[in-house]
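# Coordinates in review
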Amino acid sequence: MRAVDVQFVIKATGAQTISLKEKNFAGIGTDSRADLKGQLFIALKGEAFDAHKFLEMAVQKGAAALLVHEENEQVAKLKGQVTILKVPDTLIALQRMGTAARRESNAKVLGITGSNGKTTTKEFAAALIDTVKDVHYNKGSFNNHWGVPFTLLQLPAIKDVAIIEMGMNHAGELTELVKIAEPDVVVCTMVGRAHMEFFGTIEKVAEAKEEIYNAAKPEALRIYNLDNPQTHNMYVKAMEKYPKDRLLTFSAEDPRADIHLTIHSMSMRELVVKGRIKGKDGQAAVQVFGAQNLTNLMAAAALAYAAGLTPEQIWKGLPACKTNWGRNQLVHLKSGAQMIFDAYNANPDSMKALIDNMKLLTVPGRKVGVFGQMREMGPASPDLHEELGFWVARAGFDRVYFIGDDAMSFHAGLMKADYENPSMIEKDYTEQMGKDLAQYLKDGDIAVLKASRGTKLERFVFPCEPLDFSEKT
């Protein structure tokens, strides 16, 4: 976290001074349980917490200053001991400081959203661009109304490129995030059936995702995926609103796109892509699994071009792209079997993509599917999990596991497709399920694990004795 001073905070937020002791702060913190030595503690208030209750604890942890939006007994007690600044809303203050830090930096800011692939695209783009330029990006999934400003507050004044992932689960959220980050380049990787609980229809999801384009400044460079129906429709509308030189496209299907890549070959260890990047033909082997990563690689290549890399530099840098923990991660087991652990996020479209990959994959042993609840599906959740069960039954798995609230619907989908191989389907994970999988997997087998993060499918991995399964994000 970058150091800040009182004047930066006051200028960015209009804060009033209640108490002034220290003027310079080592950084910014919001967790009263963490080491806050020399930091400005921002007392955020959420639906389930209010940091104003923990101001004394923050000072005990070393906080040199407090940013609050209400004066309580703790504020009165701490007055004179530390610097205390007051604003109307601490979250808005955090966001304004993020914007101020963004404006102080010379970095070109790239904004990314999408129903699927936004985090992987961010990681790919960061690795690719970093082969040539100095890159800053948000780690993990710090992509919401507080994660984005925090990422911007970590942005150094001198940096070539900043990559900002932007997530959303309600209309208007992306507009707010774009206003905070003020990106120079924006892309929506694709629109799918994520967050159906909040939107109801894919058309509503598309409207919310299109905010990243509509809210961006007119001169921003807009990147479009021509293969996804919803983002293709966004591009058609954009052609009537913006100059052609402010639009960039990628596609596996349309060779006229600025970035056109296709899959030359695919194995569990790598994806070999070939095609054309802004007129330059090439081929690259990338150590990632799954045909769905073709979209992420094309989006990353487009972002790299927008960041100033030449087509030659992009082709040379593509092999630097790798997947992170929980995202199509290849895990080797002591038994000789292997796992594809893709349990950081899930929705019907990403599930279908992974299942289609497994159909195409040839392995010496057996194929095992371990699946879990897709969250935020709303009233359609039972039907979508029955659909998932049907897909799984048709994918050629020798054994299937499932955990989650819609276990019965998943089972109904299996039965609908006349699945006859062994399966274990439960609402909650049991140790017996993990032991059963560990005993079943032998040398040459492959197991694929896919669910929303809250399902914690990694519980299936540990009984199988992974050789390397450390979480790195």
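Because the structure is a prediction, the values reported are computed rather than measured.

Thresholds applied
- The residue numbers shown here count from 1 along each chain, following its written sequence.
- The predicted origin of the model limits local features to residues at a pLDDT of at least 70 and limits the giving and counting of side-chain atom pairs to 80 or more, whereas totals for whole chains, interfaces and linings rest on all residues.
- Excluded from the side-chain calculation are hydrogens and water; included are all heavy atoms of the structure.
- UniProt positions are given in the numbering used here, feature names are shortened, and annotations may be inferred rather than shown by experiment.
- Here a strand is any run of E in DSSP of at least two residues, a helix any run of H or I of at least four, and the numbering for each starts at the N terminus.
- Contacts are assigned to residue pairs that have any heavy atoms within 4.5 Å of one another.
- By definition, two strands form a pair when at least two bridges between them are found by DSSP.
- For helices, the fitted axis covers only the stretch in contact; all axes are lines through C-alpha atoms, and the angles between them, taken along N-to-C directions, range from 0 to 180 degrees.
- We define a polar contact as two N or O atoms separated by no more than 3.5 Å, with the added condition that, inside protein, one atom must be a possible hydrogen donor and the other a possible acceptor, whereas residues neighbouring each other in sequence contribute only through side-chain atom pairs.
- Classification of ring pairs rests on two measures: the distance between centres of Phe, Tyr or Trp rings, Trp counted by its six-membered ring, which must be within 6.5 Å, and the angle between planes, read as stacked under 30 degrees, edge-to-face over 60 and tilted in between.
- The buried label goes to any residue with under 20% of its type's maximum accessible area, the exposed label to any with over 50%, and the partly exposed label to all in between, with areas taken from a 1.4 Å probe on protein chains only.
- Domain limits in this description derive from either an automatic procedure or a database domain assignment.
- Throughout, nonpolar core names a set of buried Ala, Val, Leu, Ile, Met, Phe, Trp, Tyr and Cys residues whose side chains join them through atoms within 4.5 Å.
- Whenever a carboxyl oxygen of Asp or Glu lies within 4 Å of a side-chain nitrogen of Lys or Arg, that contact is scored as a salt bridge.

Under the UniProt annotation, the feature "binding site: ATP" (unreviewed entry) is placed at Gly114, Ser115, Asn116, Gly117, Lys118, Thr119 and Thr120. Residue position: Gly114 is located in the loop between strand E8 (108-113) and helix H5 (118-129). The residues contacting Gly114, other than those within four sequence positions of it, are Cys188, Thr189, Met190 and Lys209. Within the secondary structure, Asn116 sits in the loop between E8 and H5.

Spatial strand order, E17-E18-E22-E19-E20-E21: 6 strands in an open sheet with mixed pairing. Each end of this open sheet is capped by a strand with a single partner; those strands are strand E17 (329-332) and strand E21 (423-426). For this sheet, the mean inter-axis angle between neighbouring strands, taken without regard to orientation, is 15 degrees. The sheet contact formed by strand E19 (residues 367-372) and strand E22 (residues 446-450) spans 5 bridges and is parallel. Residue pairing in the sheet places Val370 in a bridge with Leu449 of E22. Of the strands in this sheet, strand E18 (338-342), E19 and E22 are in contact with helix H14 (residues 348-360), which crosses E22 at around 175 degrees.

As for its placement among the helices and strands, Asp436 is situated in helix H17 (residues 431-440). Among the polar contacts listed, one links the side chain of Asp436 to the side chain of Arg399, at a separation of 3.1 Å. For Asp436, the contacting residues outside a window of four places in its chain are Arg399, Tyr401 and Met424.

Okay, the packing of aromatic side chains next. The full count for this structure, using the stated rule, is 8 aromatic pairs. Aromatic pair Trp146 and Phe150: ring centres 6.3 Å apart, planes at 90 degrees, arrangement edge-to-face. Using a relative accessible area of 8% as the deciding quantity, one classes Phe150 as buried. When the centroid spacing of 5.0 Å and the interplanar angle of 80 degrees are considered together, the rings of Tyr429 and Phe460 count as edge-to-face. Within this pair, whereas Tyr429 is found in the loop between E21 and H17, its partner Phe460 is found in helix H18 (residues 458-461), the two being separated by 31 residues in sequence.

In terms of domains, the protein chain is made up of domain 1 (4-88), domain 2 (105-320) and domain 3 (329-464). The straight-line distance from the C-alpha centre of domain 1 to that of domain 2 is 36 Å.

This brings us to unusual backbone geometry. For Glu182, which is not glycine, the phi dihedral falls at a positive 45 degrees. Take Glu182: it is sitting in the loop between helix H7 (173-181) and strand E11 (185-188). Given a relative accessible area of 22%, Glu182 falls into the partly exposed group. One non-glycine residue, Lys278, lies in positive phi territory at about 45 degrees.

This part takes up the nonpolar core. Ile129, Ile163, Ile223, Ile259 and Leu318 are the most contacted members of the largest nonpolar core, which totals 73 residues. Per-element accounting of this core gives the leading share, 10 residues, to helix H12 (residues 293-306). The residues contacting Ile259, other than those within four sequence positions of it, are Leu248, Thr249, Phe250, Ser251, Arg276, Ile277, Met298, Ala301 and Ala302. Core analysis: the next-biggest nonpolar cluster, separate from the first, contains 30 residues, Val363, Met377, Leu388 and Val448 among them.

All told, the structure shown has 22 salt bridges when counted by the stated rule. In this structure, Asp184 and Arg102 form a salt bridge, with 3.1 Å as the shortest nitrogen-oxygen distance. With a gap of 82 residues between them, Asp184 in the loop between H7 and E11 and Arg102 in helix H4 (residues 90-104) connect regions that are remote in the sequence. For the pair Asp184 and Arg102, a shared accessibility class is recorded, and that class is buried. Ionic pairing is found between Arg399 and Asp436, a salt bridge with its closest N-O pair at 3.1 Å. Here the residue Arg399 occupies a position in strand E20 (residues 399-403), and Asp436 occupies one in helix H17, the gap between them amounting to 37 residues. For the pair shown, Arg399 and Asp436 are each scored as buried.

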